[in-house]
Amino acid sequence: MTQNPQETVIGRITSVFGVKGWLKVFSFTDPKEGILDYTDWVLDLDGKRIPAKLEEGRRQGQTIVVRLKGISDRELARTYCGAEVRVPTAELPVLPEGEFYWRQLQGLDVFTAEGECFGRVDHLIETGSNDVLVVHATAASIDQRERLIPYRPDNVVREVDLAAGKMIVDWDPEF
């Protein structure tokens, strides 16, 4: 899918739910129900952009189910499976000082306090205890290893400088 800085991916349609056109959505928001706060979606399916309007939604077990305007049967709903759910980035809430959206951390270069480069944040993984930065090596890295670094502000992550595009971590290069 193409990147668009004016839009943020907040979920993905995973499957159909029932026979009346409802869809299951994997929400990237925290809490998961936060995806229901946005009613004007853009669905990105194989590079095709489809405007969509959220009619209603709710939590169903561990997932979110939604009904989109104009989708009233299972077969039509099935054609939307796999689509990313995007909203305008400007609609996202402003975070408190020192907190970041994952999308802001992706692409940052990661350095030790001594200036050794580990590489660039490719993506993050949500785990039970803390999020984990997946750092891929770059040409400037001290080696070509992929590193998994806990995202623990003030403990492991010492500084995030979005303007400079870098992050300083307290992490042993041998890990």
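Residues numbered from 1 in each chain as written. Predicted model: local features only at pLDDT ≥ 70, side-chain atom pairs only at ≥ 80, totals over all residues. Heavy atoms only, no water.

Looking at an unreviewed UniProt entry, one finds the chain named Ribosome maturation factor RimM, with Marinobacter antarcticus as its source organism. Under the UniProt heading Function (unreviewed entry), the entry covering the chain gives this text: "An accessory protein needed during the final step in the assembly of 30S ribosomal subunit, possibly for assembly of the head region. Essential for efficient processing of 16S rRNA. May be needed both before and after RbfA during the maturation of 16S rRNA. It has affinity for free ribosomal 30S subunits but not for 70S ribosomes." UniProt, in its Subcellular location (unreviewed entry) section for the chain, records the words "Cytoplasm". (UniProt positions renumbered as here; feature names shortened; annotations may be inferred.)

A. How the structure looks around the packing of aromatic side chains. This model, assessed by the stated rule, comprises two aromatic pairs. Above the plane of the ring of Phe 26 lies Lys 32, whose end atom (NZ or CZ) is 4.7 Å from the centre. Between the NZ or CZ atom of Arg 58 and the centre of the ring of Trp 22, over which it lies, the distance is 4.8 Å. (Phe/Tyr/Trp six-rings, centres within 6.5 Å; stacked < 30°, edge-to-face > 60°. Lys NZ or Arg CZ within 6 Å of the ring centre and 35° of its normal.)

B. Quick peek at the UniProt feature "domain: RimM N-terminal" (unreviewed entry) in the chain. The residues that UniProt annotates with the feature "domain: RimM N-terminal" (unreviewed entry) are residues 9-89. Secondary structure content for residues 9-89 is 6% helix and 56% strand, while the C-alpha to C-alpha distance between its ends is 9 Å. (Helix = DSSP H or I, 4+ residues; strand = E, 2+ residues; numbered from the N terminus.)

C. Looking closely at the sheet that holds strand E10 (residues 147-150). The mixed open sheet is built from six strands, whose spatial order is E10-E9-E8-E7-E12-E11. With partners counted over all chains shown, the strands left at the sheet margins are E10 and strand E11 (157-161), one partner each. Averaged over all adjacent pairs, the angle separating strand axes in this sheet is 35°, with direction ignored. Note: E11 against strand E12 (residues 166-169), four bridges, orientation antiparallel. By the bridge assignment for E12, Glu 159 is matched with Ile 168. (Pairing = 2+ DSSP bridges. Axes fitted to C-alpha atoms, helices over the stretch in contact; angles between N-to-C directions.)

D. Layout of the pattern of salt bridges. Throughout the structure, instances matching the rule amount to 13 salt bridges. A salt bridge links Glu 7 to Arg 49; the nearest nitrogen and oxygen atoms lie 2.7 Å apart. Residue Glu 7 is located in strand E1 (residues 7-17), and its partner Arg 49 is located in strand E4 (residues 48-60); the two are separated by 42 residues in the primary sequence. For Arg 49, a relative accessible area of 45% puts it in the partly exposed group. Two residues, Arg 120 and Asp 109, come together in a salt bridge whose shortest N-O distance is 2.9 Å. One end of the pair, Arg 120, is in strand E8 (residues 117-125); the other, Asp 109, is in strand E7 (residues 109-112), and 11 residues separate them in sequence. Because the salt bridges share partners, they merge into one network encompassing Arg 12, Asp 44, Glu 84 and Arg 86. (Salt bridge = Lys/Arg side-chain N within 4 Å of Asp/Glu carboxyl O. Buried < 20%, exposed > 50% of the residue type's maximum accessible area, 1.4 Å probe, protein only.)

E. Looking closely at the domain arrangement of the chain. Taken domain by domain, the chain comprises domain 1 (7-91) and domain 2 (102-169). A C-alpha centroid distance of 30 Å is found between domain 1 and domain 2. (Domains from an automatic or database assignment.)

F. The arrangement of the side chain of Ser 141 in detail. Along the polypeptide, Ser 141 turns up in the loop between strand E9 (132-136) and E10. A polar side-chain atom of Ser 141 sits 3.3 Å from the main-chain carbonyl oxygen of Phe 118. Engagement of the side chain of Ser 141 in a polar contact is seen with the backbone nitrogen of Thr 138, the distance being 2.7 Å. (Polar contact = N/O pair within 3.5 Å; in protein donor to acceptor, adjacent residues only side chain to side chain.)

G. Highlighting the side chain of Thr 8. One can find Thr 8 in strand E1. Among all residues touching Thr 8, those that are not within four sequence positions of it are Val 85, Arg 86, Val 87, Thr 89, Leu 92 and Arg 103. (Contact = heavy atoms within 4.5 Å.)

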